[in-house]
Amino acid sequence: IGGNWYVDGDHDRVEIVPRRRVVTTAVKELERGYGRDDVTDIVAVVDEGPIGRMDSNLQRLYLAARAATDDLFIVMTATGSQAAPGNAVAASDVVSQVEDAIPGRASVVQAAAPGGLYLDQAALAREKISDDAIIAALEDVRSDDGRRLMDQVFPALAVSFARYC
């Protein structure tokens, strides 16, 4: 989508909602007119749960997209599952351990992804929490059997050169 990554780029609309509301939010957006103009729109929904519920949710999304676009749409789906290895640690456990280690118990993690944690920069500034505090908290994250989870921890910055390229 790109609009949030490039200087002077377009302004894509992104909604990040709790899992329990993701399908309902997408359907409401379609019912409000998303997808009705001549500009190509993309609706991406990540769903999880029992197959029956996911099938029902996909049907709801399909019908809403069909009504919003007069049948001019494409649906792509992907499913799969893989049992987590016995030593896997849930991202939510990593977030909990990091936030529990932060002074004042500030909620600073916006999202967890395979590449790391996305931090709420406004909360960090407001609470005067340094990168070093986050790094220390990540270095102390442990698996259920007490082993250190992270081998190396370092801060990263996203940089955009769109204005200069």
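Residues numbered from 1 in each chain as written. Predicted model: local features only at pLDDT ≥ 70, side-chain atom pairs only at ≥ 80, totals over all residues. Heavy atoms only, no water.

Enquirer: Any details on the overall build of the protein chain? Residues and values, ideally.
Expert: A count of helices and strands for the protein chain gives 5 helices and 2 strands. Ordered by position from N to C terminus, the α and β elements of the protein chain give α-α-α-β-β-α-α. A burial count over the protein chain gives 22% of its 165 residues as buried. For the protein chain, the share of sequence-separated contacts (at least 6 apart) that also reach a separation of at least 24 residues comes to 38%. Entry remark: accessible area of the protein chain is about 12,900 Å², with carbon and sulfur atoms responsible for 52%. (Helix = DSSP H or I, 4+ residues; strand = E, 2+ residues; numbered from the N terminus. Buried < 20%, exposed > 50% of the residue type's maximum accessible area, 1.4 Å probe, protein only. Contact = heavy atoms within 4.5 Å. Areas by Shrake-Rupley, 256 points an atom, 1.4 Å probe, with all protein chains shown as cover.)

Enquirer: Explain the nonpolar core to me, and be specific about the residues and the numbers.
Expert: Formed by 17 residues in total, the largest nonpolar core has its most connected members in Val-98, Ile-102, Val-108, Ile-129, Ile-134 and Leu-138. When residues of this core are traced back to their parent elements, those giving at least two are α3 (91-101), α4 (121-127) and α5 (131-139). When residues of this core are assigned to their parent elements, the largest contribution, 4 residues, is made by α5. In this structure Ile-102 touches Val-108, Ile-129, Ala-133, Ile-134 and Ala-137, once residues within four positions along its chain are discounted. (Core = buried A, V, L, I, M, F, W, Y, C linked by side-chain atoms within 4.5 Å.)

Enquirer: Break down helix α1 (residues 22-31) for me, citing the residues and quoting the values.
Expert: Within α1, 7 of the 10 residues are buried, which leaves it mostly tucked inside the rest of the structure. Against the buried residues of α1 lie α2 (51-69). With its phi angle positive at about 115°, Gly-33 sits one or two positions after the end of α1.

Enquirer: Report on a nonpolar patch on the surface, specifying residues and quantitative values.
Expert: Judged by side-chain polarity, Leu-58, Tyr-62, Leu-63 and Val-75 come together as a nonpolar surface patch covering roughly 320 Å² of accessible area. With respect to the helices and strands, Leu-63 occurs in helix α2. Relative accessible area serves as the criterion here: at 45%, Leu-63 is assigned to the partly exposed category. (Patch = residues over 30% accessible without salt bridge, like charges linked within 9 Å, V, L, I, M, F, W, Y side chains within 5 Å. Salt bridge = Lys/Arg side-chain N within 4 Å of Asp/Glu carboxyl O.)

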